[in-house]
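What follows is each chain in one-letter form.
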Amino acid sequence: LTLAAKPTVFGDLPDELLALVFAAFVGLDGSFASWYVVRSVSHRWRAVAGECLLRVDFGGCVRLTDETVAAIAAGWPRLKEVDFSECEDLTDAAVIALAAGCPGLKEVTFTWCYLLTDAAVLSLAAVCTGLQQVSFGRCDLMTDAAVGALGEGCPGLEVVDFEGCDRLTDAGVKALAAGCPGLEAVSFSTCSKLTDEAVGALAAGCPWLKAVCFEG
């Protein structure tokens, strides 16, 4: 009878479990220090992070920096879903790096990242053309250029949130509706410049809509 060797703490874990450990550890505070420590453990950890991790949630990590997001994008190129809501210090540079490093993104959330401008959305629309869900609610520097770019570059969008983006006009919503006929849910609440023309464009161009919010 041959007894199996006793596994080491991490060495014999399958890659999928290592990826979960990695995500849990880094998610404790969202700091670059934590991320750097984990990636520095071994070449295998670095490879596991890049190949297995598909989703990260740093929502509410208010001290997260552009440099951290750029490092995440470089280390986890297969990411599909990211949440950086309420990461108030992030700028367009973070989103540009994310788009360049993770072209397969499907869902992005940047709600309350109020330093972001049209340049952030333009970078996503140009590279991450398979996007399905985007949230830039309360990013009040956004204009029609951002919404129009999504309509032009991301035809598969299903969920869009630009709540509180008060610079948007009917023109932007019309461009979105024309380019994204598969939209199922949109929020443009408290976008005070929008009129019945925006609502009409969505009704005419997006027959699959199930949820529409123009409140306020």
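Residues numbered from 1 in each chain as written. Predicted model: local features only at pLDDT ≥ 70, side-chain atom pairs only at ≥ 80, totals over all residues. Heavy atoms only, no water.

Novice: Residues and numbers for the overall build of the chain, please.
Specialist: Each helix and strand in the chain was counted, giving nine helices and seven strands. For the chain, the proportion of its 216 residues judged to be buried stands at 43%. Long-range contacts, defined as pairs at least 24 residues apart, comprise 77% of the intrachain contacts of the chain with a sequence gap of at least 6. A total of about 10400 Å² of accessible surface is found on the chain, and carbon and sulfur atoms cover 59% of it. (Helix = DSSP H or I, 4+ residues; strand = E, 2+ residues; numbered from the N terminus. Buried < 20%, exposed > 50% of the residue type's maximum accessible area, 1.4 Å probe, protein only. Contact = heavy atoms within 4.5 Å. Areas by Shrake-Rupley, 256 points an atom, 1.4 Å probe, with all protein chains shown as cover.)

Novice: A description of the packing of helix 6 (residues 118-127) against helix 7 (residues 144-153) should follow, citing residues and the corresponding values.
Specialist: Between helix 6 and helix 7, whose axes approach to 8 Å, the crossing angle comes to 5 degrees. Classed by the angle they form, the pair helix 6 and helix 7 counts as roughly parallel. In contact with Asp118, Val121, Leu122 and Ala125 of helix 6, helix 7 contributes Ala145, Ala146, Ala149, Leu150 and Gly153. Here the contact of helix 6 with helix 7 is built from residues that sort into seven nonpolar, one polar and one charged. (Axes fitted to C-alpha atoms, helices over the stretch in contact; angles between N-to-C directions. Parallel < 35°, antiparallel > 145°, perpendicular 65-115°, else oblique. Nonpolar A, V, L, I, M, F, W, Y, C, P; charged D, E, K, R; others polar.)

Novice: An account of the packing of aromatic side chains is needed here, citing residue identities and associated values.
Specialist: This model, assessed by the stated rule, comprises six aromatic pairs. Ring centres 6.4 Å apart and planes at 10 degrees place the aromatic pair Phe162 and Phe188 in the stacked group. On the criterion of sequence distance, the pair formed by Phe162 in the loop between strand 5 (159-161) and helix 8 (170-179) and Phe188 in the loop between strand 6 (185-187) and helix 9 (196-205) is long-range, its members being 26 residues apart. Each member of the pair, Phe162 together with Phe188, is buried. Joined through ring pairs, the aromatic side chains of Phe58, Phe84, Phe110, Phe136, Phe162, Phe188 and Phe214 make up one cluster. (Phe/Tyr/Trp six-rings, centres within 6.5 Å; stacked < 30°, edge-to-face > 60°.)

Novice: Explain the nonpolar core to me, and be specific about the residues and the numbers.
Specialist: Counting 56 residues, the largest nonpolar core has Phe84, Leu105, Phe110, Phe136, Leu157, Phe162 and Phe188 as the members making the most contacts within it. Elements with a minimum of two residues in this core: helix 4 (66-75), helix 5 (92-101), helix 6, helix 7, helix 8 and helix 9. Every residue in contact with Phe110, bar those within four places of it in the chain, is listed here: Phe84, Ser85, Leu90, Val95, Leu98, Leu116, Ser135, Phe136, Gly137 and Cys139. (Core = buried A, V, L, I, M, F, W, Y, C linked by side-chain atoms within 4.5 Å.)

Novice: Could you give an account of helix 7, with specific residues and numbers?
Specialist: Most of helix 7 sits inside the fold, with seven of its ten residues counted as buried. Those residues of helix 7 not exposed but buried are Ala146, Val147, Gly148, Ala149, Leu150, Gly151 and Gly153. Taken together, the buried residues of helix 7 touch helix 6, strand 4 (133-135) and helix 8.

Novice: Could you give me a rundown of the sheet that holds strand 6, with the residues and numbers involved?
Specialist: Two strands in a sheet stick together by hydrogen bonds in their backbones, pointing the same way (parallel) or opposite ways (antiparallel). Reading across from one edge, 1-2-3-4-5-6-7 is the order of the seven strands in this open sheet, with parallel pairing throughout. Looking along the sheet, the strands with just one partner apiece sit at the ends: strand 1 (55-57) and strand 7 (211-213). Looking at each pair of strands side by side, their axes are set apart by 5 degrees on average, direction ignored. (Pairing = 2+ DSSP bridges.)

Keep in mind these values describe shape, not function.
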